[in-house]
Amino acid sequence: RAAIGVAARRPPRVGLQASTTVLMPWKIPSTNHWQWLTIPELLLRERTLMITDYIDERYANFISAMLLYLKSEEPRKPITLYLAAPGADLKPALA
């Protein structure tokens, strides 16, 4: 079994860390190696953002930074955004 962040040659099984963080196998593109990722890391690799917390100024800055980063990596590839926030401050949410 490969350590977290270390590539393995075959797909590992889904596992749990001691803190019950779910780890999923992810195949590194253009290789035969696999890597353990948490679900949020896996979604980010697939260019999917889930907004599930109250949107305040700090969280809005984080979301903007992630969108800018994903856009800079592959400008033509789509980004999927799931919005399930319980509410937001008006000005940061409009950013």
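Data block above holds the structure.
Being a predicted model, the structure only gives us computed values, none of them experimental.

Caption draft 1: Just the pairing of strand E4 (residues 48-51), in detail. In terms of strand pairing, E4 meets strand E5 (residues 80-83) through four bridges, oriented parallel. Looking across to E5, one finds that Ile-51 is bridged to Leu-83.

Caption draft 2: Structural detail: the nonpolar core. In this structure, Ile-51, Ile-55, Tyr-59, Ala-60 and Ile-63 together form the largest nonpolar core, which totals five residues. Ranked by residue count, the leading element in this core is helix H2 (residues 57-73), at three residues.

Caption draft 3: Representation of the packing of aromatic side chains within the structure. In this structure the tally under the stated criterion is one aromatic pair. Geometrically, the ring pair formed by Tyr-59 and Phe-62 is stacked, given 6.2 Å between the ring centres and 10 degrees between the ring planes. Of the two residues, Tyr-59 and Phe-62 are both situated in helix H2; the distance of three residues between them amounts to about one turn of the helix. Residue Tyr-59 is classed as buried on the basis of its relative accessible area of 15%.

Caption draft 4: Structural detail: the pairing of strand E2 (residues 22-27). Bridge count between E2 and strand E3 (residues 34-38): five bridges; the pairing is antiparallel. Bridge pairing in E3 links Trp-26 to Gln-35. Counting the residues between successive antiparallel strands, the hairpin from E2 to E3 contains six residues, one of them, Ser-30, with a positive phi of roughly 65 degrees.

Caption draft 5: Expanded view of the side chain of Thr-38. In this fold, Thr-38 is placed in strand E3. In this structure Thr-38 touches Thr-21, Val-22 and Leu-23, once residues within four positions along its chain are discounted.

Caption draft 6: Inspection of a negative patch on the surface at higher detail. The grouping of Asp-53, Asp-56, Glu-57 and Asp-89 at the surface amounts to a negative patch. Examined against the element boundaries, Asp-53 turns out to sit in the loop between E4 and H2. For Asp-53, a relative accessible area of 45% corresponds to the partly exposed category.

Parameters at a glance
Numbering of residues starts from 1 in each chain and follows the order in which that chain's sequence is written. With the structure being a predicted model, the display of local features is reserved for residues of pLDDT at least 70 and the display and counting of side-chain atom pairs for 80 or more, all residues being used for whole-chain, interface and lining totals. Side-chain numbers here rest on the full set of heavy atoms in the structure, without hydrogens or water. Any two strands between which DSSP finds at least two bridges are classified as paired. Think of it this way: any DSSP run of H or I at least four residues long counts as a helix, any run of E at least two long counts as a strand, and we number them from the N terminus. To form a nonpolar core, buried Ala, Val, Leu, Ile, Met, Phe, Trp, Tyr and Cys residues must be joined to one another through side-chain atoms within 4.5 Å. A 1.4 Å probe rolled over the protein chains alone gives each residue an accessible area, and that area as a share of the maximum for its type sets the label: buried under 20%, exposed over 50%, partly exposed in between. Aromatic pairing here means that ring centres of Phe, Tyr or Trp (its six-membered ring) are within 6.5 Å. Orientation follows from the plane angle: under 30 degrees is stacked, over 60 is edge-to-face, and everything else is tilted. Two residues form a contact once any of their heavy atoms are found within 4.5 Å. A residue counts toward a patch only above 30% relative accessible area and without a salt bridge, and it is joined to like-charged neighbours within 9 Å or, for Val, Leu, Ile, Met, Phe, Trp and Tyr, to nonpolar neighbours within 5 Å. Computed with the Shrake-Rupley method and a 1.4 Å probe, the accessible areas treat only the protein chains shown as cover for residues. We define a salt bridge as a contact between a side-chain nitrogen of Lys or Arg and a carboxyl oxygen of Asp or Glu at a distance within 4 Å. Charge convention: Lys and Arg are scored as positive, Asp and Glu as negative, and His as well as the terminal groups of each chain are ignored. Taken as the charge location is NZ of Lys, CZ of Arg, CG of Asp or CD of Glu.

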